[in-house]
Amino acid sequence: MRFDAGDEMPHPDAAVDEWLFAAWRPDGTAGVVSGHRLVGRRAWYWSAVVEDGYPVLHLTEWDVRLRSDPFIVKAPEMWAEHHCVAPFEQWSIGNEGHFAALDDADEALGRAYGTPEPSSADLEWYATGEPTPIDHGYEQAGVVHGVVELLGRPHVTFAEAPARRWRRWGSELGPQPIAGALAHTGLRAPFAFPDGSTADWVLTPDGWRSRLR
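Because the structure is predicted, anything quoted here is derived from the model rather than measured. (Residues numbered from 1 in each chain as written. Predicted model: local features only at pLDDT ≥ 70, side-chain atom pairs only at ≥ 80, totals over all residues. Heavy atoms only, no water.)

1. Side note on the overall build of the protein chain
The helix and strand inventory of the protein chain stands at zero helices and 15 strands. Relative to its length of 213 residues, the protein chain is compact, with a C-alpha radius of gyration of 16 Å against a globular reference of 17 Å. With respect to the principal axes defined by its C-alpha atoms, the protein chain has extents near 45 × 35 × 35 Å. Looking at the protein chain as a whole, 51% of its 213 residues qualify as buried. Of the roughly 10100 Å² that the protein chain leaves accessible, carbon and sulfur atoms contribute 51%. Charged side chains of the protein chain number 18 positive and 32 negative; the gap between the two group centres comes to 4 Å. (Helix = DSSP H or I, 4+ residues; strand = E, 2+ residues; numbered from the N terminus. Rg over C-alpha atoms; globule rule 2.2 N^0.38 Å. Buried < 20%, exposed > 50% of the residue type's maximum accessible area, 1.4 Å probe, protein only. Areas by Shrake-Rupley, 256 points an atom, 1.4 Å probe, with all protein chains shown as cover. Lys, Arg positive; Asp, Glu negative; His and termini not counted. Charge placed at Lys NZ, Arg CZ, Asp CG, Glu CD.)

2. Overview of the packing of aromatic side chains
Applying the stated rule across the entire model yields 15 aromatic pairs. Taking the centre distance of 5.8 Å and the plane angle of 75° together, the rings of phenylalanine 71 and tryptophan 91 count as edge-to-face. Residue phenylalanine 71 is found in the loop between β4 (56-65) and β5 (72-75), and its partner tryptophan 91 is found in strand β7 (residues 90-102); the two are separated by 20 residues along the sequence. The residues phenylalanine 71 and tryptophan 91 share a single accessibility class, namely buried. Of the aromatic side chains, those joined through ring pairs into one cluster are Trp19, Phe21, Phe71, Trp91 and Trp125. When the ring centre of tyrosine 54 is taken as reference, the NZ or CZ atom of arginine 153 above it lies at 3.9 Å. (Phe/Tyr/Trp six-rings, centres within 6.5 Å; stacked < 30°, edge-to-face > 60°. Lys NZ or Arg CZ within 6 Å of the ring centre and 35° of its normal.)

3. Describing the pairing of strand β1 (residues 16-24)
Within β1, nine of the nine residues are buried, which leaves it mostly tucked inside the rest of the structure. Of the pairings in the sheet, the one linking β1 to strand β11 (residues 156-170) comprises eight bridges and is antiparallel in character. Bridge pairing links valine 16 to glycine 170 in β11. Bridge count for β1 against strand β2 (residues 30-39) is nine bridges, and the pairing is antiparallel. Across the sheet, glutamate 18 pairs through a bridge with arginine 37, a residue of β2. (Pairing = 2+ DSSP bridges.)

4. Considerations on empty space enclosed by the protein
This structure, assessed with the given rule, holds one cavity of 30 Å³ or more. The computed volume of the largest cavity comes to approximately 50 Å³. Within the residue set of the lining of the largest cavity, elements represented by two or more residues are β1 and β2. Counted by class, the lining of the largest cavity contains eight nonpolar, one polar and no charged residues. (1 Å grid on protein atoms, 1.4 Å probe; cavity = no way out; pocket = protein on both sides within 12 Å on 5 of 7 lines; lining within 4 Å. Points joined across faces, edges and corners; volume = space filled by probe spheres on them. Nonpolar A, V, L, I, M, F, W, Y, C, P; charged D, E, K, R; others polar.)

5. So, the layout of surface pockets
Its volume calculated, the largest pocket comes out at about 270 Å³. His58, Leu59, His98, Phe99 and Ala100 are, among the 15 residues lining the largest pocket, the residues nearest its centre. Here the lining of the largest pocket takes four residues from β4, the largest share from any one element. Here the lining of the largest pocket is composed, by residue class, of eight nonpolar, four polar and three charged.

6. Observations regarding the confidence of the model for the protein chain
Per-residue confidence for the protein chain gives a mean pLDDT of 92, with 97% of residues at or over 70. Strand β12 (residues 180-181) is the least confidently modelled element of the protein chain, averaging 70 in pLDDT, while strand β10 (residues 137-150) averages 97, the highest of any element. (pLDDT = per-residue confidence, 0-100.)

7. Regarding the pattern of salt bridges
Counted under the stated rule, the structure contains 11 salt bridges. Ionic pairing is found between glutamate 18 and arginine 37, a salt bridge with its closest N-O pair at 2.7 Å. Residue glutamate 18 is located in strand β1, and its partner arginine 37 is located in strand β2; the two are separated by 19 residues in the primary sequence. A relative accessible area of 0% places glutamate 18 in the buried class. Ionic pairing is found between glutamate 139 and arginine 164, a salt bridge with its closest N-O pair at 3.7 Å. Placement of glutamate 139 in strand β10 and of arginine 164 in strand β11 is noted, with a sequence separation of 25 residues between them. Residue class for arginine 164 comes out partly exposed when judged on its relative accessible area of 28%. When salt bridges with common partners are traced through the structure, they connect Arg25, Glu51, Glu117 and Arg153 into a single cluster. (Salt bridge = Lys/Arg side-chain N within 4 Å of Asp/Glu carboxyl O.)

Here it is, written out as structure tokens:
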């Protein structure tokens, strides 16, 4: 199956459009997830930053008004953007907001109450392979360079970090399109979505995987 540059953009005839990015350090000590979904005239946004020895930083916004530029998500005290610099080659991933610092990752599947922690991400995603078909779209391997700036603790940096992205669209989408992992002792980034589905990301030696219970 072949994809063209238009597939990187929103599909007017699709009920749901989704862009999802993830990167991690090869030694498993840190990782980041950033997702964005258009549902009608509203947008969802979710993100997490994990680092060994620190609480999970968790951010979700589930009812954001769609803007003229659908790749910009703005809510009270929060901004995020996925910007296509070059189709299938480069994306910029940025956000600013107050993440909830969660000592227990399972709290993200509930009310996700935690200590507010200001954070600002400025990441560049570069492709290292061609897009590969998946259900409702494609995935693509890459690398990420950039930094997540934090207040009161060292910044989380990524240099030539392995990364992956997923692009999906359609009348409805199933669970997050990540492979499962039976060994799930690594850093975690769970999410609970408004439609009742969940995603429980775990950082393994092979990168981000879905935690199998």
